[in-house]
Amino acid sequence: MTTDDELLELLEEEALDLARESLLAFTLYTFDGQFDVNWHHRLLCDKLEAFERGEIKRLIICMPPRHGKSELASRRLPAWILGRNPNKKIIACSYALDLALDMSRDTKRIVQSEEYARVFPATKLPGSNVVTDSRQAYKNTSDQWQIVGHAGQYLARGVGGGITGKGGDFLIVDDPIKDDKQAQSETERENIWRWYTKVLKTRRSKGAGIMIIMTRWHMDDLVGRLIKQAKDDPAADQWEVLTLPGIAEEVGGHPEDPREVGEALWPAFKDEAEWAQDKAEDEAGYAALGQQRPAPEGGTIIKTVWTENRYTTIPAGPGTWIWSCDPKAGSKDPKSSRVVIQLWFQPQAYPGRVYLIDQVRGLWDQPETLAEFRRLSKLPLWRNARAKLVENKADGKSIVAGLKSEIPGLITVEPQGNPVVRTRAVAPYWAAGNVWLPDDSLAPWLGEFIAELTMFPAASHDDQVDAMALALSHLFITDGHDPIEHLRRITGKR
(Lines give C-alpha, C1' and ligand atoms only; values in the text may rest on other atoms or scores of the structure.)
Protein backbone atom coordinates (compact mmCIF):
# COMPACT_ATOMS: atom_id res chain seq x y z
CA MET A 1 0.00 0.00 0.00
CA THR A 2 1.36 3.43 -1.02
CA THR A 3 1.93 5.79 1.88
CA ASP A 4 1.13 9.48 1.76
CA ASP A 5 4.82 10.34 1.58
CA GLU A 6 5.34 7.93 -1.31
CA LEU A 7 2.32 9.36 -3.11
CA LEU A 8 3.63 12.87 -2.67
CA GLU A 9 7.00 11.76 -3.99
CA LEU A 10 5.35 10.21 -7.04
CA LEU A 11 3.36 13.36 -7.67
CA GLU A 12 6.52 15.44 -7.35
CA GLU A 13 8.31 13.26 -9.88
CA GLU A 14 5.39 13.57 -12.28
CA ALA A 15 5.43 17.36 -11.85
CA LEU A 16 9.18 17.44 -12.54
CA ASP A 17 8.84 15.25 -15.64
CA LEU A 18 6.03 17.46 -16.91
CA ALA A 19 8.07 20.64 -16.26
CA ARG A 20 10.91 19.20 -18.33
CA GLU A 21 8.59 18.58 -21.28
CA SER A 22 6.15 21.49 -21.06
CA LEU A 23 7.09 25.18 -20.91
CA LEU A 24 3.79 26.08 -19.27
CA ALA A 25 4.24 23.36 -16.63
CA PHE A 26 7.80 24.60 -16.08
CA THR A 27 6.49 28.15 -15.64
CA LEU A 28 3.89 27.06 -13.09
CA TYR A 29 6.47 25.02 -11.19
CA THR A 30 9.11 27.75 -11.02
CA PHE A 31 6.93 30.87 -10.84
CA ASP A 32 7.17 32.74 -7.56
CA GLY A 33 3.49 33.14 -6.75
CA GLN A 34 0.37 32.24 -8.69
CA PHE A 35 0.47 32.45 -12.48
CA ASP A 36 -3.05 33.12 -13.77
CA VAL A 37 -3.15 30.94 -16.90
CA ASN A 38 -5.37 32.07 -19.77
CA TRP A 39 -5.95 30.33 -23.10
CA HIS A 40 -3.54 32.67 -24.88
CA HIS A 41 -0.71 31.60 -22.56
CA ARG A 42 -1.24 28.00 -23.65
CA LEU A 43 -1.24 29.01 -27.30
CA LEU A 44 1.90 31.09 -26.81
CA CYS A 45 3.66 28.22 -25.04
CA ASP A 46 2.79 25.87 -27.90
CA LYS A 47 4.54 28.24 -30.32
CA LEU A 48 7.52 28.70 -28.02
CA GLU A 49 7.95 24.95 -27.59
CA ALA A 50 7.91 24.51 -31.38
CA PHE A 51 10.53 27.27 -31.57
CA GLU A 52 12.72 25.44 -29.03
CA ARG A 53 12.40 22.17 -30.96
CA GLY A 54 13.41 23.90 -34.19
CA GLU A 55 10.04 23.31 -35.87
CA ILE A 56 9.60 27.10 -36.07
CA LYS A 57 12.79 28.89 -37.11
CA ARG A 58 11.40 32.43 -37.35
CA LEU A 59 8.75 33.52 -34.87
CA ILE A 60 7.05 36.89 -34.37
CA ILE A 61 4.85 37.46 -31.31
CA CYS A 62 2.68 40.59 -31.14
CA MET A 63 0.45 41.15 -28.14
CA PRO A 64 -0.63 44.09 -25.97
CA PRO A 65 1.61 45.18 -23.10
CA ARG A 66 1.56 43.22 -19.83
CA HIS A 67 -0.20 40.15 -21.18
CA GLY A 68 2.54 37.66 -20.30
CA LYS A 69 4.54 37.54 -23.53
CA SER A 70 7.84 38.65 -21.95
CA GLU A 71 7.39 36.46 -18.88
CA LEU A 72 6.99 33.36 -21.03
CA ALA A 73 9.13 34.17 -24.07
CA SER A 74 11.99 36.20 -22.58
CA ARG A 75 12.33 34.88 -19.02
CA ARG A 76 10.98 31.32 -18.76
CA LEU A 77 11.83 30.14 -22.27
CA PRO A 78 15.61 30.85 -22.12
CA ALA A 79 15.84 29.15 -18.73
CA TRP A 80 13.87 26.17 -20.04
CA ILE A 81 16.03 25.93 -23.18
CA LEU A 82 19.25 25.86 -21.14
CA GLY A 83 17.78 23.22 -18.85
CA ARG A 84 16.81 20.96 -21.71
CA ASN A 85 20.08 21.53 -23.54
CA PRO A 86 22.82 23.26 -21.50
CA ASN A 87 25.03 23.56 -24.60
CA LYS A 88 22.77 26.05 -26.35
CA LYS A 89 23.78 29.68 -26.74
CA ILE A 90 21.19 32.43 -26.34
CA ILE A 91 21.49 36.09 -27.35
CA ALA A 92 18.70 38.20 -25.83
CA CYS A 93 18.19 41.85 -26.79
CA SER A 94 15.90 44.73 -25.82
CA TYR A 95 15.66 48.39 -26.86
CA ALA A 96 18.14 49.40 -24.14
CA LEU A 97 20.92 47.55 -22.39
CA ASP A 98 19.36 48.28 -18.99
CA LEU A 99 16.18 46.42 -19.95
CA ALA A 100 18.19 43.57 -21.46
CA LEU A 101 20.15 43.29 -18.21
CA ASP A 102 16.91 43.21 -16.22
CA MET A 103 15.74 40.28 -18.37
CA SER A 104 19.11 38.60 -17.89
CA ARG A 105 18.96 38.94 -14.11
CA ASP A 106 15.37 37.67 -14.01
CA THR A 107 16.27 34.62 -16.10
CA LYS A 108 19.36 33.99 -14.00
CA ARG A 109 17.27 34.06 -10.81
CA ILE A 110 15.06 31.36 -12.28
CA VAL A 111 18.07 29.19 -13.16
CA GLN A 112 19.50 29.67 -9.66
CA SER A 113 16.26 28.81 -7.86
CA GLU A 114 15.70 25.66 -5.83
CA GLU A 115 12.75 24.72 -8.03
CA TYR A 116 14.89 24.92 -11.16
CA ALA A 117 17.58 22.75 -9.58
CA ARG A 118 15.01 20.05 -9.00
CA VAL A 119 13.77 20.22 -12.61
CA PHE A 120 17.18 20.54 -14.31
CA PRO A 121 19.91 19.51 -11.85
CA ALA A 122 22.62 19.40 -14.56
CA THR A 123 22.28 23.07 -15.49
CA LYS A 124 24.23 25.18 -13.01
CA LEU A 125 25.81 28.62 -12.96
CA PRO A 126 29.17 29.46 -11.42
CA GLY A 127 28.85 30.81 -7.91
CA SER A 128 30.72 34.06 -8.51
CA ASN A 129 31.58 36.36 -11.38
CA VAL A 130 34.25 34.00 -12.71
CA VAL A 131 34.68 30.37 -11.69
CA THR A 132 37.48 28.19 -13.04
CA ASP A 133 37.39 24.40 -13.31
CA SER A 134 39.96 22.09 -14.87
CA ARG A 135 38.95 23.15 -18.37
CA GLN A 136 38.02 26.84 -18.42
CA ALA A 137 36.82 29.94 -16.60
CA TYR A 138 33.05 30.46 -16.54
CA LYS A 139 31.53 33.92 -16.68
CA ASN A 140 28.70 34.94 -14.43
CA THR A 141 28.05 38.65 -14.93
CA SER A 142 24.89 40.65 -15.46
CA ASP A 143 25.30 40.67 -19.26
CA GLN A 144 26.81 37.20 -19.79
CA TRP A 145 26.63 33.96 -17.88
CA GLN A 146 27.63 30.43 -18.76
CA ILE A 147 26.66 26.90 -17.77
CA VAL A 148 29.28 25.05 -15.75
CA GLY A 149 30.62 21.99 -17.56
CA HIS A 150 28.81 22.85 -20.79
CA ALA A 151 29.07 25.19 -23.78
CA GLY A 152 25.78 26.95 -23.10
CA GLN A 153 25.58 30.64 -22.30
CA TYR A 154 23.23 33.63 -22.12
CA LEU A 155 24.28 37.00 -23.55
CA ALA A 156 22.28 40.23 -23.01
CA ARG A 157 22.62 43.19 -25.34
CA GLY A 158 20.77 46.42 -26.08
CA VAL A 159 19.42 47.07 -29.57
CA GLY A 160 22.14 48.96 -31.39
CA GLY A 161 24.92 47.43 -29.30
CA GLY A 162 27.72 45.30 -30.69
CA ILE A 163 27.80 41.49 -30.48
CA THR A 164 31.31 41.02 -31.85
CA GLY A 165 32.71 37.51 -31.64
CA LYS A 166 29.53 36.00 -30.21
CA GLY A 167 27.21 33.50 -31.81
CA GLY A 168 23.77 32.25 -30.86
CA ASP A 169 21.53 29.23 -31.41
CA PHE A 170 18.54 31.29 -30.29
CA LEU A 171 18.33 35.03 -31.00
CA ILE A 172 15.56 36.74 -29.01
CA VAL A 173 14.57 40.39 -29.48
CA ASP A 174 12.02 41.67 -26.98
CA ASP A 175 10.69 45.24 -27.35
CA PRO A 176 13.19 46.68 -29.86
CA ILE A 177 11.30 50.02 -29.78
CA LYS A 178 11.18 52.04 -26.57
CA ASP A 179 8.15 54.26 -27.08
CA ASP A 180 5.98 56.15 -29.55
CA LYS A 181 8.49 58.95 -29.95
CA GLN A 182 11.14 56.52 -31.14
CA ALA A 183 8.64 54.66 -33.32
CA GLN A 184 7.62 57.85 -35.13
CA SER A 185 11.25 58.63 -36.01
CA GLU A 186 12.19 57.26 -39.40
CA THR A 187 15.85 57.57 -38.43
CA GLU A 188 15.33 55.42 -35.33
CA ARG A 189 13.36 52.80 -37.27
CA GLU A 190 16.11 52.66 -39.87
CA ASN A 191 18.78 52.32 -37.15
CA ILE A 192 16.92 49.35 -35.64
CA TRP A 193 16.58 47.75 -39.06
CA ARG A 194 20.28 48.17 -39.82
CA TRP A 195 21.23 46.75 -36.42
CA TYR A 196 18.99 43.73 -36.97
CA THR A 197 20.26 42.98 -40.48
CA LYS A 198 23.92 44.01 -40.09
CA VAL A 199 24.64 43.04 -36.48
CA LEU A 200 22.23 40.65 -34.81
CA LYS A 201 21.37 38.42 -37.75
CA THR A 202 25.04 37.91 -38.61
CA ARG A 203 25.58 36.31 -35.18
CA ARG A 204 23.25 33.38 -35.75
CA SER A 205 24.70 29.87 -35.69
CA LYS A 206 23.78 27.37 -38.37
CA GLY A 207 20.10 26.49 -38.04
CA ALA A 208 19.53 29.13 -35.37
CA GLY A 209 16.07 30.33 -34.42
CA ILE A 210 15.14 34.02 -34.34
CA MET A 211 12.21 35.40 -32.36
CA ILE A 212 10.88 38.96 -32.28
CA ILE A 213 8.56 39.85 -29.38
CA MET A 214 6.94 43.25 -29.44
CA THR A 215 3.93 45.45 -29.15
CA ARG A 216 3.34 47.16 -32.48
CA TRP A 217 3.96 50.92 -32.64
CA HIS A 218 4.22 51.71 -36.33
CA MET A 219 3.48 50.13 -39.70
CA ASP A 220 7.16 50.51 -40.61
CA ASP A 221 8.55 49.08 -37.36
CA LEU A 222 10.85 46.04 -37.31
CA VAL A 223 7.96 43.57 -37.48
CA GLY A 224 6.27 45.55 -40.25
CA ARG A 225 9.44 45.48 -42.34
CA LEU A 226 10.06 41.78 -41.76
CA ILE A 227 6.50 40.85 -42.72
CA LYS A 228 6.66 43.01 -45.85
CA GLN A 229 10.04 41.58 -46.81
CA ALA A 230 8.71 38.03 -46.44
CA LYS A 231 5.70 38.90 -48.60
CA ASP A 232 7.71 40.61 -51.32
CA ASP A 233 10.56 38.09 -51.47
CA PRO A 234 9.87 34.33 -51.19
CA ALA A 235 13.61 33.79 -50.65
CA ALA A 236 13.62 35.99 -47.54
CA ASP A 237 12.99 34.66 -44.03
CA GLN A 238 9.41 33.45 -43.75
CA TRP A 239 7.90 34.11 -40.34
CA GLU A 240 5.35 32.37 -38.16
CA VAL A 241 3.35 35.31 -36.83
CA LEU A 242 1.27 35.09 -33.66
CA THR A 243 -0.77 38.29 -33.39
CA LEU A 244 -3.33 38.49 -30.60
CA PRO A 245 -5.22 41.81 -30.32
CA GLY A 246 -6.63 43.08 -27.05
CA ILE A 247 -10.16 42.88 -28.47
CA ALA A 248 -11.11 40.18 -31.00
CA GLU A 249 -11.97 41.56 -34.43
CA GLU A 250 -13.91 40.18 -37.34
CA VAL A 251 -11.04 39.96 -39.78
CA GLY A 252 -7.39 39.02 -39.57
CA GLY A 253 -7.66 37.03 -36.36
CA HIS A 254 -5.40 34.09 -35.58
CA PRO A 255 -7.05 30.76 -36.56
CA GLU A 256 -6.43 29.40 -33.05
CA ASP A 257 -8.05 32.40 -31.34
CA PRO A 258 -11.27 31.02 -29.78
CA ARG A 259 -12.88 34.39 -28.98
CA GLU A 260 -16.04 35.91 -30.34
CA VAL A 261 -15.80 39.36 -31.88
CA GLY A 262 -15.55 42.00 -29.16
CA GLU A 263 -14.16 39.76 -26.43
CA ALA A 264 -11.04 40.78 -24.52
CA LEU A 265 -7.81 38.80 -24.74
CA TRP A 266 -7.35 38.39 -20.97
CA PRO A 267 -10.47 39.66 -19.16
CA ALA A 268 -9.06 38.77 -15.75
CA PHE A 269 -6.35 41.35 -16.37
CA LYS A 270 -8.11 43.84 -18.65
CA ASP A 271 -11.76 43.58 -19.64
CA GLU A 272 -13.80 44.99 -22.52
CA ALA A 273 -14.82 48.13 -20.64
CA GLU A 274 -11.19 49.05 -19.95
CA TRP A 275 -10.27 48.54 -23.60
CA ALA A 276 -13.22 50.71 -24.65
CA GLN A 277 -11.94 53.47 -22.37
CA ASP A 278 -8.48 53.21 -23.97
CA LYS A 279 -10.05 53.51 -27.41
CA ALA A 280 -12.08 56.56 -26.43
CA GLU A 281 -9.04 58.30 -24.96
CA ASP A 282 -6.56 57.53 -27.75
CA GLU A 283 -7.83 55.66 -30.79
CA ALA A 284 -4.46 55.61 -32.53
CA GLY A 285 -2.74 54.23 -29.43
CA TYR A 286 -5.49 51.67 -28.94
CA ALA A 287 -5.16 50.50 -32.54
CA ALA A 288 -1.38 50.17 -32.36
CA LEU A 289 -0.67 48.97 -28.82
CA GLY A 290 -3.96 47.22 -28.11
CA GLN A 291 -4.87 45.75 -31.47
CA GLN A 292 -1.37 45.41 -32.97
CA ARG A 293 -2.71 47.28 -35.99
CA PRO A 294 -0.88 50.62 -36.22
CA ALA A 295 -3.17 51.85 -38.97
CA PRO A 296 -6.70 51.08 -37.73
CA GLU A 297 -9.45 50.06 -40.10
CA GLY A 298 -11.38 53.12 -41.15
CA GLY A 299 -8.58 55.54 -40.37
CA THR A 300 -7.20 57.17 -37.26
CA ILE A 301 -7.66 60.94 -37.30
CA ILE A 302 -9.11 61.18 -40.81
CA LYS A 303 -11.61 58.36 -41.35
CA THR A 304 -11.67 56.44 -44.62
CA VAL A 305 -15.42 56.94 -44.93
CA TRP A 306 -14.88 60.71 -44.98
CA THR A 307 -12.90 60.37 -48.21
CA GLU A 308 -15.50 58.25 -49.99
CA ASN A 309 -17.83 59.70 -52.63
CA ARG A 310 -15.93 62.98 -52.55
CA TYR A 311 -14.88 62.94 -56.18
CA THR A 312 -16.13 65.66 -58.46
CA THR A 313 -15.22 68.01 -61.28
CA ILE A 314 -14.00 71.53 -60.68
CA PRO A 315 -16.95 73.91 -60.24
CA ALA A 316 -17.08 76.86 -62.61
CA GLY A 317 -16.84 80.46 -61.50
CA PRO A 318 -14.50 82.61 -59.45
CA GLY A 319 -12.95 81.66 -56.14
CA THR A 320 -9.75 81.41 -54.15
CA TRP A 321 -6.85 79.40 -55.52
CA ILE A 322 -3.82 78.56 -53.37
CA TRP A 323 -0.77 76.35 -53.32
CA SER A 324 0.32 74.54 -50.16
CA CYS A 325 3.79 73.11 -49.88
CA ASP A 326 5.55 70.83 -47.42
CA PRO A 327 9.13 71.58 -48.48
CA LYS A 328 11.11 68.68 -47.06
CA ALA A 329 13.82 68.88 -49.68
CA GLY A 330 17.53 68.25 -49.68
CA SER A 331 17.85 64.46 -49.29
CA LYS A 332 17.97 61.87 -52.07
CA ASP A 333 17.61 58.98 -49.63
CA PRO A 334 14.65 56.88 -50.85
CA LYS A 335 13.43 56.60 -47.26
CA SER A 336 13.39 60.33 -46.61
CA SER A 337 10.30 62.53 -46.83
CA ARG A 338 9.13 63.95 -50.13
CA VAL A 339 8.45 67.47 -51.25
CA VAL A 340 4.71 67.92 -51.73
CA ILE A 341 2.99 70.81 -53.53
CA GLN A 342 -0.82 70.87 -53.73
CA LEU A 343 -3.28 73.07 -55.62
CA TRP A 344 -6.55 73.92 -53.84
CA PHE A 345 -9.68 75.83 -54.88
CA GLN A 346 -12.47 77.38 -52.80
CA PRO A 347 -15.34 78.52 -55.08
CA GLN A 348 -16.95 81.85 -54.32
CA ALA A 349 -20.38 80.32 -54.86
CA TYR A 350 -19.71 77.52 -52.34
CA PRO A 351 -17.44 78.91 -49.62
CA GLY A 352 -18.13 75.88 -47.43
CA ARG A 353 -16.32 73.63 -49.90
CA VAL A 354 -12.68 73.26 -50.84
CA TYR A 355 -11.36 71.18 -53.72
CA LEU A 356 -8.00 69.46 -53.97
CA ILE A 357 -7.29 70.00 -57.65
CA ASP A 358 -3.81 68.61 -58.19
CA GLN A 359 -0.67 67.45 -56.41
CA VAL A 360 2.97 66.84 -57.23
CA ARG A 361 5.31 64.90 -54.99
CA GLY A 362 8.93 64.02 -55.41
CA LEU A 363 12.23 63.10 -53.84
CA TRP A 364 13.87 66.32 -54.93
CA ASP A 365 16.88 68.23 -53.76
CA GLN A 366 16.59 71.99 -53.50
CA PRO A 367 17.53 72.87 -57.13
CA GLU A 368 14.98 70.33 -58.36
CA THR A 369 12.34 71.77 -56.01
CA LEU A 370 12.97 75.28 -57.34
CA ALA A 371 12.65 73.95 -60.89
CA GLU A 372 9.33 72.31 -60.02
CA PHE A 373 7.98 75.58 -58.58
CA ARG A 374 8.94 77.35 -61.80
CA ARG A 375 7.28 74.66 -63.91
CA LEU A 376 4.03 74.73 -61.95
CA SER A 377 3.83 78.52 -62.01
CA LYS A 378 3.43 78.33 -65.82
CA LEU A 379 0.65 75.71 -65.90
CA PRO A 380 -2.90 76.99 -66.63
CA LEU A 381 -4.69 75.98 -63.41
CA TRP A 382 -1.67 76.47 -61.16
CA ARG A 383 -1.27 80.03 -62.48
CA ASN A 384 -4.64 80.92 -60.91
CA ALA A 385 -3.21 80.81 -57.39
CA ARG A 386 -2.38 84.17 -55.82
CA ALA A 387 -1.17 82.78 -52.48
CA LYS A 388 1.47 80.08 -52.43
CA LEU A 389 1.92 78.80 -48.88
CA VAL A 390 5.23 77.25 -47.95
CA GLU A 391 5.81 75.79 -44.50
CA ASN A 392 8.33 77.88 -42.60
CA LYS A 393 11.27 75.55 -42.17
CA ALA A 394 14.85 75.70 -43.43
CA ASP A 395 14.05 74.46 -46.93
CA GLY A 396 10.91 76.58 -47.12
CA LYS A 397 12.77 79.74 -46.30
CA SER A 398 15.37 79.00 -48.97
CA ILE A 399 12.71 78.25 -51.58
CA VAL A 400 10.87 81.50 -50.96
CA ALA A 401 14.09 83.49 -50.86
CA GLY A 402 15.26 81.98 -54.13
CA LEU A 403 12.01 82.49 -56.04
CA LYS A 404 10.25 85.52 -54.59
CA SER A 405 11.53 87.77 -57.40
CA GLU A 406 10.24 85.30 -60.03
CA ILE A 407 6.96 83.90 -58.65
CA PRO A 408 4.46 86.22 -56.95
CA GLY A 409 2.56 85.28 -53.79
CA LEU A 410 5.16 83.02 -52.16
CA ILE A 411 4.72 83.27 -48.40
CA THR A 412 6.25 81.24 -45.59
CA VAL A 413 3.70 80.17 -42.97
CA GLU A 414 4.43 79.03 -39.42
CA PRO A 415 2.00 76.16 -38.60
CA GLN A 416 0.62 76.00 -35.08
CA GLY A 417 1.36 72.83 -33.12
CA ASN A 418 2.81 69.51 -34.27
CA PRO A 419 1.47 67.58 -37.31
CA VAL A 420 -0.97 65.57 -35.20
CA VAL A 421 -2.43 68.71 -33.61
CA ARG A 422 -2.76 70.40 -37.01
CA THR A 423 -4.44 67.38 -38.57
CA ARG A 424 -6.91 67.07 -35.72
CA ALA A 425 -7.75 70.75 -36.15
CA VAL A 426 -8.86 70.25 -39.77
CA ALA A 427 -10.44 66.79 -39.30
CA PRO A 428 -13.93 68.31 -38.73
CA TYR A 429 -13.88 69.71 -42.28
CA TRP A 430 -13.41 66.19 -43.61
CA ALA A 431 -16.10 64.82 -41.31
CA ALA A 432 -18.54 67.55 -42.38
CA GLY A 433 -18.01 66.84 -46.08
CA ASN A 434 -16.35 70.19 -46.82
CA VAL A 435 -13.37 68.65 -48.63
CA TRP A 436 -13.66 67.36 -52.20
CA LEU A 437 -11.22 65.31 -54.25
CA PRO A 438 -10.50 64.92 -57.97
CA ASP A 439 -11.60 61.93 -60.00
CA ASP A 440 -9.05 59.20 -59.41
CA SER A 441 -8.81 58.53 -63.16
CA LEU A 442 -7.36 62.03 -63.48
CA ALA A 443 -5.25 61.85 -60.33
CA PRO A 444 -3.03 58.73 -60.24
CA TRP A 445 -1.54 59.94 -56.96
CA LEU A 446 -4.90 59.93 -55.15
CA GLY A 447 -4.61 56.40 -53.76
CA GLU A 448 -1.34 57.15 -51.99
CA PHE A 449 -2.75 60.43 -50.73
CA ILE A 450 -5.79 58.75 -49.15
CA ALA A 451 -3.67 55.91 -47.73
CA GLU A 452 -1.33 58.33 -45.98
CA LEU A 453 -4.23 60.49 -44.87
CA THR A 454 -6.13 57.65 -43.18
CA MET A 455 -3.03 55.94 -41.74
CA PHE A 456 -1.60 59.11 -40.24
CA PRO A 457 0.07 59.37 -37.73
CA ALA A 458 1.18 55.74 -38.20
CA ALA A 459 2.01 56.13 -41.89
CA SER A 460 5.64 56.05 -43.01
CA HIS A 461 5.43 59.66 -44.20
CA ASP A 462 3.30 62.70 -43.37
CA ASP A 463 4.28 65.14 -46.13
CA GLN A 464 0.94 64.97 -47.98
CA VAL A 465 -0.96 65.32 -44.71
CA ASP A 466 1.13 68.34 -43.73
CA ALA A 467 0.42 70.10 -47.02
CA MET A 468 -3.30 69.31 -46.70
CA ALA A 469 -3.54 70.64 -43.14
CA LEU A 470 -1.66 73.79 -44.15
CA ALA A 471 -4.14 74.47 -46.96
CA LEU A 472 -7.35 73.77 -45.02
CA SER A 473 -6.32 75.75 -41.98
CA HIS A 474 -5.87 78.84 -44.14
CA LEU A 475 -8.76 78.42 -46.57
CA PHE A 476 -11.26 78.11 -43.74
CA ILE A 477 -9.95 80.94 -41.55
CA THR A 478 -9.80 83.77 -44.09
CA ASP A 479 -13.40 84.71 -43.27
CA GLY A 480 -13.88 86.23 -46.69
CA HIS A 481 -10.76 88.38 -46.51
CA ASP A 482 -8.37 88.58 -49.40
CA PRO A 483 -6.04 85.60 -48.80
CA ILE A 484 -2.88 87.59 -49.49
CA GLU A 485 -3.90 90.33 -47.06
CA HIS A 486 -4.94 87.70 -44.52
CA LEU A 487 -1.61 85.91 -44.73
CA ARG A 488 0.27 89.17 -44.47
CA ARG A 489 -1.76 90.02 -41.40
CA ILE A 490 -1.10 86.73 -39.59
CA THR A 491 2.56 86.48 -40.63
CA GLY A 492 3.30 90.15 -40.00
CA LYS A 493 4.77 90.58 -43.49
CA ARG A 494 3.81 93.37 -45.88
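Rules behind the numbers
Residues numbered from 1 in each chain as written. Predicted model: local features only at pLDDT ≥ 70, side-chain atom pairs only at ≥ 80, totals over all residues. Heavy atoms only, no water. Helix = DSSP H or I, 4+ residues; strand = E, 2+ residues; numbered from the N terminus. Buried < 20%, exposed > 50% of the residue type's maximum accessible area, 1.4 Å probe, protein only. Contact = heavy atoms within 4.5 Å. Areas by Shrake-Rupley, 256 points an atom, 1.4 Å probe, with all protein chains shown as cover. Axes fitted to C-alpha atoms, helices over the stretch in contact; angles between N-to-C directions. Parallel < 35°, antiparallel > 145°, perpendicular 65-115°, else oblique. Nonpolar A, V, L, I, M, F, W, Y, C, P; charged D, E, K, R; others polar. Pairing = 2+ DSSP bridges. Polar contact = N/O pair within 3.5 Å; in protein donor to acceptor, adjacent residues only side chain to side chain. Core = buried A, V, L, I, M, F, W, Y, C linked by side-chain atoms within 4.5 Å. Phe/Tyr/Trp six-rings, centres within 6.5 Å; stacked < 30°, edge-to-face > 60°. Salt bridge = Lys/Arg side-chain N within 4 Å of Asp/Glu carboxyl O.

Observations regarding the overall build of the protein chain
- Check the secondary structure of the protein chain and you find 18 helices and 15 strands.
- Every one of the 494 residues in the protein chain was classed for burial, and the buried ones make up 51%.
- Partitioning the intrachain contacts of the protein chain with sequence separation of at least 6 by distance along the chain shows that 69% fall at a separation of at least 24.
- Accessible surface, the protein chain as shown: approximately 22900 Å² in total, 50% of it carbon and sulfur.

A look at the packing of helix α16 (residues 446–455) against helix α17 (residues 463–475)
- Packing of α16 against α17 leaves a shortest axis separation of 8 Å and a crossing angle of 85°. By the angle between their axes, α16 is roughly perpendicular relative to α17. Contacts between α16 and α17 involve Glu-448, Phe-449, Glu-452 and Leu-453 from the former and Asp-463, Gln-464, Val-465 and Met-468 from the latter.
- Considered class by class, the residues forming the contact of α16 with α17 number four nonpolar, one polar and three charged.

What to know about the pairing of strand β7 (residues 168–174)
- The buried fraction of β7 amounts to seven of the seven residues, a majority that puts the element mostly inside the structure.
- With four bridges joining them, strand β2 (residues 89–94) and β7 adopt parallel strand pairing. The residue bridging Cys-93 from the neighbouring strand is Val-173, located in β7.

Focus on the sheet that holds strand β11 (residues 339–347)
- Taken in spatial order, the six strands line up as β14-β13-β10-β11-β12-β15 in an open sheet, and their pairing is mixed. Of all strands in the sheet, those with a lone pairing partner are β14 (410–413) and β15 (435–436), marking the two edges.
- Examined bridge by bridge, strand β10 (residues 319–327) and β11 share nine bridges and lie antiparallel to one another. Following the sheet pairing, Ser-324 is matched in β11 by Gln-342.
- Sheet contacts for helix α13 (residues 366–376): β10, β11, β12 (354–362), β13 (387–391) and β14; angle to β11, the most-contacted strand, approximately 25°.

Some thoughts on the side chain of Asp-220
- With respect to the helices, strands and loops of the structure, Asp-220 is situated in the loop between β8 (204–214) and α9 (222–232).
- Asp-220 gets classed as buried once you look at its relative accessible area, which sits at 16%.
- Of the polar contacts made by the side chain of Asp-220, one reaches the side chain of Arg-225; its length is 3.0 Å.

Section: the nonpolar core
- Counting 47 residues, the largest nonpolar core has Phe-26, Leu-48, Ile-61, Leu-77, Tyr-116 and Met-211 as its most contacted members.
- Dropping the residues within four chain positions of it, Leu-48 is found in contact with Leu-23, Leu-59, Ile-61, Leu-72, Ala-73, Leu-77 and Met-211.
- Among the nonpolar cores identified, the runner-up in size contains 30 residues, and Ile-322, Val-413, Leu-437 and Phe-476 belong to it.

Some thoughts on the packing of helix α2 (residues 23–30) against helix α4 (residues 69–84)
- Here α2 crosses α4 at 95°, and the two axes come no closer than 10 Å. The pairing of α2 with α4 is recorded here as roughly perpendicular in orientation. Facing α2, whose interface residues are Leu-23, Phe-26, Thr-27 and Thr-30, α4 presents Leu-72, Arg-76, Leu-77, Ala-79 and Trp-80.
- Broken down by class, the residue content of the contact of α2 with α4 amounts to six nonpolar, two polar and one charged.

Considering the packing of aromatic side chains
- All chains considered together, the criterion is met by 15 aromatic pairs.
- With 4.8 Å between their ring centres and 5° between their planes, Trp-145 and Tyr-154 make a pair best called stacked. Note on accessibility: Trp-145 and Tyr-154 belong to one class, buried.
- Each member of the aromatic cluster is reached from another via a ring pair, and the members are Phe-26, Tyr-116 and Phe-120.

Brief notes about the pattern of salt bridges
- Within this structure, the stated rule accounts for 30 salt bridges.
- Notably, a salt bridge pairs Asp-220 with Arg-189, separated by 3.2 Å at the nearest N-O pair. With Asp-220 in the loop between β8 and α9 and Arg-189 in helix α8 (residues 186–200), this pair connects stretches of sequence that are 31 residues apart. Like Arg-189, Asp-220 is buried.

Things to note about the environment of Val-420
- Note on placement: Val-420 falls in helix α15 (residues 419–431).
- Residue class for Val-420 comes out partly exposed when judged on its relative accessible area of 25%.
- Note: C-alpha distance between Val-420 and Ile-301 (119 residues apart in sequence) is 8.4 Å.
- Sequence-distant contacts of Val-420, defined by excluding residues within four places in its chain, comprise Ile-301, Phe-456 and Pro-457.

Considering unusual backbone geometry
- For Arg-66, which is not a glycine, the phi torsion comes out positive at approximately 60°.
- When you line up the elements, Arg-66 lands in the loop between β1 (58–62) and α4.
- Classification of Arg-66 as exposed rests on a relative accessible area of 66%.
- The phi torsion at Asp-175 lies on the positive side, around 55°, for a residue other than glycine.
- Owing to a relative accessible area of 23%, Asp-175 belongs among the partly exposed residues under this scheme.

Side note on the sheet that holds β8
- Strands sit in the order β5-β6-β2-β7-β8-β1-β9 across an open sheet of seven strands; the sheet is mixed. Edge positions in the sheet fall to β5 (144–146) and β9 (240–243), since each has one partner strand and no second. For this sheet, the mean inter-axis angle between neighbouring strands, taken without regard to orientation, is 15°.
- Pairing analysis gives three bridges linking β5 to strand β6 (residues 153–158), with the strands arranged antiparallel.

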